[in-house]
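Here's the letter readout for the chains.
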Amino acid sequence: MDIYSIIKKPVFTEKALNLKESQNKVVIEVHPDVNKVQVKKAFEEIFKVKVDSVGIINVKPKIKRVGLHFTKTKKTKKAIVTLKAGEKLDLIEGV
């Protein structure tokens, strides 16, 4: 699998931004078929930073009501990447 298809997009929620500021962790959305080792290699190669550890979260779909019908949201996979001490990654500043 290509390293650019492993990492889909960063997650900018209030909880993710608090993790970035307090614990030097970055939350990203990843391809559903990857593992921790693949995420670590791809993240280090793309962003040129040292990664300490990677945690993976499978987000289950939720049931939503649309008019008279019920649908499900997409199933996603997120990775919480912990950067080594002294490393800094600025995906977007001023948020």
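The protein chain goes by Large ribosomal subunit protein uL23 in an unreviewed UniProt entry, where it is assigned to Thermodesulfovibrio yellowstonii. Listed in UniProt under the heading Sequence similarities (unreviewed entry), the comment for the protein chain reads: "Belongs to the universal ribosomal protein uL23 family." As recorded by UniProt, the Function (unreviewed entry) comment attached to the protein chain reads in full: "One of the early assembly proteins it binds 23S rRNA. One of the proteins that surrounds the polypeptide exit tunnel on the outside of the ribosome. Forms the main docking site for trigger factor binding to the ribosome."

Attention now goes to the sheet that holds strand β2 (residues 25–30). If you trace the 4 strands from one edge of the open sheet to the other, you get β1-β2-β6-β3, paired in antiparallel fashion. The open sheet terminates on both sides in strands that have one partner only, identified here as β1 (7–10) and β3 (51–59). Averaged over all pairs of adjacent strands, the angle between their axes in this sheet comes to 30°, without regard to strand direction. Both β2 and strand β6 (residues 76–83) contribute to a ladder of 6 bridges, which runs antiparallel. Across the sheet, the residue bridging to Val 30 is Lys 77, located in β6.

Moving on, we come to the packing of aromatic side chains. What the rule picks out here adds up to 1 aromatic pair. With a centroid separation of 4.7 Å and 50° between ring planes, the pair formed by Phe 43 and Phe 47 is classed as tilted. Taken together, the positions of Phe 43 and Phe 47, both in helix α3 (residues 36–47) and 4 residues apart, correspond to about one turn of that helix. What makes Phe 43 buried here is its relative accessible area of 0%.

So, on to the environment of Gln 38. Checked against the element boundaries, Gln 38 lands in helix α3. For Gln 38, a relative accessible area of 33% corresponds to the partly exposed category. Between the alpha carbons of Gln 38 and Lys 48 there is a distance of 15 Å; along the sequence they are 10 residues apart. Residue contacts for Gln 38: discarding those within four places in its chain leaves Ile 6 and Asp 33.

The next subject is the pairing of strand β5 (residues 69–72). Regular strands place side chains that alternate from one sheet face to the opposite one. Bridging between strand β4 (residues 63–66) and β5 involves 4 bridges; their strand directions are antiparallel. Note that in β5 the partner of Lys 64 across the bridge is Thr 71. Connecting β4 to the antiparallel partner β5 that follows it, the hairpin turn spans 2 residues, and Gly 67 within it adopts a positive phi of roughly 65°.

So, how was this worked out
Residues numbered from 1 in each chain as written. Predicted model: local features only at pLDDT ≥ 70, side-chain atom pairs only at ≥ 80, totals over all residues. Heavy atoms only, no water. UniProt positions renumbered as here; feature names shortened; annotations may be inferred. Pairing = 2+ DSSP bridges. Helix = DSSP H or I, 4+ residues; strand = E, 2+ residues; numbered from the N terminus. Axes fitted to C-alpha atoms, helices over the stretch in contact; angles between N-to-C directions. Phe/Tyr/Trp six-rings, centres within 6.5 Å; stacked < 30°, edge-to-face > 60°. Buried < 20%, exposed > 50% of the residue type's maximum accessible area, 1.4 Å probe, protein only. Contact = heavy atoms within 4.5 Å.

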